[in-house]
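# Working through the structure, step by step
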Amino acid sequence: MAATISVDLNARIANFETEMKKATGTLDRFGSKSKGIGEAIGRNVGLGLAAAAVGFGALAKSTLDSADNLKDMSTRLGVSVKDLASFKLAADQSGSSLENVGIGIARLTKSIGLAEAGNKSMSEALTGLGITARDPKEAFYQLADAVERIQDPSKRAALLSSVLGKSYADLIPVLSEGGAGLRKAAQESENFADAMAR
C-alpha cells in the first residue's frame, strides 16, 4: 500500500511539474508578447512625441511668421497689429482673407490720398460712400457701413470699384458685416487676447 501511495504521489508530482512547465511556458510567452507590445507602444509613443514636437515647432514657426506678417502689414498700412488681428478674425469668419483686407485698406488709403490731392472724381466717390475719416481703420469701418447702407447694387459696385478697383468684390463678404460687425469682431478679438494673456 505504501508503494501504491508512493507511485500515485510520484505520478501526481510529475503531472504537477508538467502542468507547471506548461503554465511557466504560457507565462513566458505572455511576457515576451507583453514585452513586444510594450516596446511597440514605446516606439509609437516615442514617434508620437516626436511628431508632437515637430508639430509644435511648426506651430511656433507659423505663429512667428504670422506675427511678422502682421507687423509688416501694420507698417505698410498704418493700421495697428491689434486692429489687423481683429480684421483677420472678421475676414476669417466671412470666408475672406486678411490679405484681401490689407489690399482693400491700401487701395482705400490711396484713394483718400488722391481725393486730398484734388482728384475730384475720387472725392465724389468717397463722399458718395460716406467716407470722411482719414484714419485707415476708421475709413474701412465707414466703407463697411456704406456697403451695408447702399441698397442699390449697381451704385454700390460703381462706388466701390472707383475707390478699391476690381478687387472690391473680394471684400464684399467682410464689408457686408457693416462697421458694427467689424467693431464687434474687433471686440471679440480683444477679449480673446485678454483671456489668453491671463
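What this report covers is the structure whose coordinates are included nearby. (Residues numbered from 1 in each chain as written. Predicted model: local features only at pLDDT ≥ 70, side-chain atom pairs only at ≥ 80, totals over all residues. Heavy atoms only, no water.)

A few words now on the packing of aromatic side chains. Each pair of aromatic rings is reported with the distance of its centres and the angle of its planes. Scanning all chains against the criterion turns up 2 aromatic pairs. Seen from their ring centres, phenylalanine 87 and phenylalanine 140 are 5.2 Å apart, and the 70 degrees between their planes marks the pair as edge-to-face. Of this pair, phenylalanine 87 sits in helix H2 (residues 81-94) while phenylalanine 140 sits in helix H5 (residues 136-149), placing them 53 residues apart in sequence. Just as phenylalanine 87 is buried, phenylalanine 140 falls in that class too. When the centroid spacing of 5.8 Å and the interplanar angle of 65 degrees are considered together, the rings of phenylalanine 87 and tyrosine 141 count as edge-to-face. Of this pair, phenylalanine 87 sits in helix H2 while tyrosine 141 sits in helix H5, placing them 54 residues apart in sequence. A single burial state applies to phenylalanine 87 and to tyrosine 141, both of which are buried. By way of ring pairs, the aromatic residues Phe87, Phe140 and Tyr141 are connected into one cluster. (Phe/Tyr/Trp six-rings, centres within 6.5 Å; stacked < 30°, edge-to-face > 60°. Helix = DSSP H or I, 4+ residues; strand = E, 2+ residues; numbered from the N terminus. Buried < 20%, exposed > 50% of the residue type's maximum accessible area, 1.4 Å probe, protein only.)

Compared with the 20 Å implied by 1.5 Å per residue over 14 residues, the 20 Å span of H5 between its first and last C-alpha is a close match. Burial within H5 is extensive, with 10 of its 14 residues counted as buried. Looking at H5, one finds that the buried residues are Pro136, Lys137, Ala139, Phe140, Tyr141, Gln142, Leu143, Ala144, Ala146 and Val147. (Expected span 1.5 Å × (residues − 1).)

At a minimum axis distance of 9 Å, the contact between helix H4 (residues 120-129) and helix H6 (residues 153-164) shows a crossing angle of 130 degrees. Between H4 and H6, the interaxial angle falls into the category oblique. Here the hand of the crossing between H4 and H6 comes out left-handed. Every residue of H6 that contacts H4 at Met122, Ala125, Leu126, Gly128 and Leu129 is listed here: Leu159, Leu160, Ser162 and Val163. Considered class by class, the residues forming the contact of H4 with H6 number 7 nonpolar, 2 polar and no charged. (Axes fitted to C-alpha atoms, helices over the stretch in contact; angles between N-to-C directions. Parallel < 35°, antiparallel > 145°, perpendicular 65-115°, else oblique. Left-handed = near helix turned anticlockwise from the far one by under 90°. Contact = heavy atoms within 4.5 Å. Nonpolar A, V, L, I, M, F, W, Y, C, P; charged D, E, K, R; others polar.)

The next point concerns H2. In this model, H2 (14 residues) spans 20 Å end to end at C-alpha, consistent with the 20 Å of a helix rising 1.5 Å per residue. The set of residues buried in H2 consists of Asp83, Leu84, Ser86, Phe87, Ala90, Ala91 and Ser94. Down the axis of H2, the buried set is contained in an arc of 160 degrees. They therefore lie on one face. Within H2, the exposed residues directed more than 90 degrees away from the buried face are Lys82 and Gln93. (Arc of directions from axis to C-beta.)

Under the criterion given, the structure shown has 5 salt bridges. The closest approach of N and O atoms between glutamate 116 and arginine 134, which form a salt bridge, is 2.7 Å. Highlighted residues: glutamate 116 in helix H3 (residues 98-116) and arginine 134 in the loop between H4 and H5, separated in sequence by 18 residues. For glutamate 138, the salt bridge goes to lysine 137, with nearest N and O atoms at 4.0 Å. (Salt bridge = Lys/Arg side-chain N within 4 Å of Asp/Glu carboxyl O.)

The next subject is the packing of H3 against H4. Pairs of packed helices are described in terms of their axes, by the angle between the two and the distance that separates them. Between H3 and H4, the shortest axis-to-axis distance is 7 Å and the interhelical angle comes to 120 degrees. Viewed along their axes, H3 and H4 adopt a mutual orientation that is oblique. Viewed along their axes, H3 and H4 form a crossing whose handedness is left-handed. Contacts between H3 and H4 involve Leu108, Ser111, Ile112, Leu114 and Ala115 from the former and Met122, Ser123 and Leu126 from the latter. Its residues placed into classes, the contact of H3 with H4 shows 6 nonpolar, 2 polar and no charged.

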